[in-house]
Amino acid sequence: MNRSLNMKCKVEKLCGGCQLLKVGREEQAKRKREAVEDIMEKAHLDVKVAPVRMAENDLYYRNKVIVGFAKDKSRKVFSGLYAAHSHRVVNTSGCMMQPLIINQIIDEITSLVDSMKIELYNEKTGTGLLRHVMVRYAHSTNEVMVVFVTSSKMFPSRRNIVNALVKKFPQIVTIVQNINPRRTSIVMQDESIVLYGKGYITDILCVLKISFTASSFYQIHSEQCDVLYRLAADMLALRVQDKVLDTYCGVGTIGLTLASKCREVTGVEVNADAVEMARHNAAQNGIRNARFVAMDSTQFMKQARKFHQKYEAIILDPPRAGTTKMFIESACALQPNRILYISCDPRTQARDLIYFKRFGYYTDEICPVDMFPNTEHIETVALLTKRKMRSNKTPFAQKKTDKPHGPGKGGFRGAKTGSQKRRGTAGRKTGRSKRR
């Protein structure tokens, strides 16, 4: 669904989440492309920036929403996103970037929290129970996950609130309680309790069934994620004998969509829960040529370098802070034919591309994909090859006899560990942070 330029948001200036809401589609594409060009030019990178692949649907697209809670002057509870660069909750009920079902569920939860007198967490004093609620939505299957983030395990009203929600919304297939006792701006911590269902939901991505949990990374715009991964496949142009290394792999989405085009895929992810889901996703799709390792991507790359592992293609889709110098050094030492770098922050990608150049890996083109309509954010994809094959065209011809196998995300100083490693989970409380 596409918006009208005449549409109004009553909290647009207070929220600050949709900086380009009043900007037309073509102008948004122009601004985003120019922004990437400016970043690459300032980094002295001689690259072409392709036209932005814009989203067909720029409304009701967000499949993940995190809200905080507060009380108005009459002491009535309301919920919403946090104002930019603040800890102030803005009432964003009915947000046009969120699917209708998510808005309805959040409104119902807010009403239940108010009527059940559930104590809200106070950041200043560190007292209270309910910190946040996260709702995740699988567009293709209509499945919904609700996550209550509380300051302690004790949740006196949880049975009543769970029963009320699943009775009113059959789309809710799982409800989780995440315990976060720390005084921190990080939304979730590692301990979770499944209150209802299996603890995960399943979506359809590039014809594959993809399941993910509360802490797993999954791209915020499901339809554009399909566009992004098909672009990645086209750019890599894999052969059936190729071995692929998919780092920062999350629940295995990229690697699994490529598995039918290559010999084997190895996925690496620091979040152990995400790795379990990746293995589950491979099994439920009958994919036998993919394996997944629970390990920090930089550490895995160092080990691969030490033992002279060979991969024809390496993929990285790191958190917003980018990857590490050691990752880059080790990846280049393995001398893959191609390295595909997917980024949610062109600035850190540009920084990393400069370092890749030191080891002879260059890109000729940056391909932007609009994963965040109506905002200033943009996803960018770069294909890196050795200097002797700087063209992004396929450096080898695929033989007609080749037949594909059938199915069988900080910074140079490091990022947060555990389930906070991935983009989106380690995001600030705005709920507008990225990464898989």
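Residues numbered from 1 in each chain as written. Predicted model: local features only at pLDDT ≥ 70, side-chain atom pairs only at ≥ 80, totals over all residues. Heavy atoms only, no water.

Some words on the layout of surface pockets
Heads up, the condition is: For cavity detection a 1 Å grid was placed over the protein atoms alone, and a set of points counts as a cavity when a 1.4 Å probe fits there but cannot get out; an open set counts as a pocket when protein lies on both sides within 12 Å along at least five of seven lines, with lining residues being those that have an atom within 4 Å of a point. Grid points are joined across faces, edges and corners, and a volume is the space filled by probe spheres set on the points. Numbered from the N terminus, helices here are DSSP runs of H or I no shorter than four residues, and strands are runs of E no shorter than two. Note that Gly is not counted as nonpolar here; it falls among the polar residues with everything else outside the nonpolar set of Ala, Val, Leu, Ile, Met, Phe, Trp, Tyr, Cys and Pro and the charged set of Asp, Glu, Lys and Arg.
Here the second largest pocket defines a volume of roughly 410 Å³. Around the second largest pocket sit 18 residues that line it, and Phe-69, His-87, Tyr-121, Asn-122 and Glu-123 are the ones nearest its centre. Secondary-structure elements contributing two or more residues to the lining of the second largest pocket are strand E2 (64-71) and strand E4 (130-138). Residues belonging to the lining of the second largest pocket are distributed by class as follows: seven nonpolar, four polar and seven charged.

Concerning the state of the cysteines
The condition is simple: When the sulfur atoms of two cysteines come within 2.5 Å, that pair is taken as a disulfide. Burial classes: relative accessible area under 20% of the type maximum marks a residue as buried, over 50% as exposed, and values in between as partly exposed (1.4 Å probe, protein chains only).
One pass over the structure, following the stated rule, counts zero disulfides. As a non-bridged cysteine, Cys-9 has Cys-95 as the owner of its nearest cysteine sulfur, 6.5 Å distant. Residue Cys-9 is classed as partly exposed on the basis of its relative accessible area, which comes to 29%.

Re the packing of aromatic side chains
Two numbers describe a pair of aromatic rings. These are the distance of the centres and the angle of the planes. Operational definition: Two aromatic rings, drawn from Phe, Tyr or Trp (for Trp, its six-membered ring), form a pair once their centres lie within 6.5 Å of each other, and the interplanar angle then sorts them: stacked below 30 degrees, edge-to-face above 60, tilted otherwise.
Throughout the structure, instances matching the rule amount to five aromatic pairs. Here Tyr-248 and Phe-327 contribute two aromatic rings whose centre-to-centre distance is 5.7 Å and whose plane-to-plane angle is 40°, an arrangement assigned as tilted. A residue pair is termed long-range when its members are at least 10 positions apart, and Tyr-248 in the loop between strand E10 (243-247) and helix H6 (253-258) and Phe-327 in helix H9 (residues 325-333) qualify at 79 residues. A relative accessible area of 3% places Tyr-248 in the buried class.

A closer look at helix H2 (residues 25-42)
In an α-helix, one full turn covers 3.6 residues, which means residues spaced three or four apart are oriented alike. Heads up, the rule is: The span one expects for a helix is its residue count, reduced by one, times 1.5 Å. Arc definition: it is the arc formed by the directions from the helix axis to the C-beta atoms. Here a residue-residue contact requires only that any non-hydrogen atoms of the pair lie within 4.5 Å.
For H2, which comprises 18 residues, the first-to-last C-alpha distance of 26 Å matches the rise-based estimate of 26 Å (1.5 Å per residue) to within 8%. Taken together, the buried positions of H2 are occupied by Gln-28, Ala-29, Lys-32, Val-36, Ile-39 and Met-40. Buried residues of H2, viewed axially, fall in a sector of 100°; they line one side. Exposed side chains of H2 directed beyond 90 degrees from the buried face belong to Glu-26, Glu-41 and Lys-42. On its buried face, H2 is in contact with strand E1 (48-49), helix H10 (346-358), strand E16 (365-369) and strand E17 (379-386). Trailing H2 by a residue or two, His-44 shows a phi angle of about 60°, which is positive.

Quick word on the confidence of the model for the protein
Our working definition: The pLDDT value expresses, per residue, how confident the predictor is, ranging between 0 and 100.
Chain-level pLDDT for the protein is 89 on average; 87% of the residues reach the 70-or-more range. In the predicted structure, residues 389-436 sits below a pLDDT of 50 and forms 165 contacts with residues beyond four places in sequence or in another chain.

Things to note about the environment of Gln-98
To keep it simple, the criterion reads: Throughout this description, a polar contact denotes any pair of N or O atoms lying within 3.5 Å of each other; where both atoms belong to protein, one of them has to be capable of donating a hydrogen while the other can accept it, and for residues adjacent in sequence the pair is counted only when both atoms sit in side chains.
Relative to the helices and strands, Gln-98 resides in the loop between strand E3 (77-80) and helix H3 (100-115). Linking Gln-98 and Tyr-137, residues 39 residues apart in sequence, is a C-alpha distance of 9.8 Å. A distance of 2.6 Å separates a polar atom in the side chain of Gln-98 from a polar atom in the side chain of Asn-103.

Details of the pattern of salt bridges
Where we set the bar: Any Lys or Arg side-chain nitrogen located within 4 Å of an Asp or Glu carboxyl oxygen qualifies as a salt bridge.
With the rule as written, the count across this model stands at 14 salt bridges. One salt bridge in this structure joins Arg-33 and Glu-37, with 3.8 Å as the shortest N-O distance. Of the two residues, Arg-33 and Glu-37 are both situated in helix H2; the distance of four residues between them amounts to about one turn of the helix. With a relative accessible area of 33%, Glu-37 lands in the partly exposed category. When the shortest N-O distance is used, the salt bridge between Asp-226 and Arg-230 registers 2.5 Å. Of this pair, Asp-226 and Arg-230 both sit in helix H5 (residues 222-236), four residues apart, which is roughly one turn of that helix. Arg-230 gets classed as partly exposed once you look at its relative accessible area, which sits at 44%.

As for the packing of H2 against H10
Test applied: Axes here refer to lines fitted to C-alpha atoms; in helices the fit is confined to the stretch in contact. Angles between the N-to-C directions go from 0 to 180 degrees. Angular relationships are summarised with four words: roughly parallel below 35 degrees, roughly antiparallel beyond 145, roughly perpendicular across 65 to 115, and oblique for the angles in between. The hand of a helix crossing depends on one turn: near helix anticlockwise from the far one by less than a right angle means left-handed, and clockwise means right-handed.
Interaxial distance between H2 and H10 falls to 9 Å at its minimum, and their mutual angle equals 30°. Taken together, H2 and H10 sit at an angle that is classed as roughly parallel. Judged by the twist between their axes, the crossing of H2 over H10 is right-handed. The segment H2 lies against H10, with Val-36, Ile-39 and Met-40 engaging Pro-346, Arg-347, Gln-349 and Ala-350.

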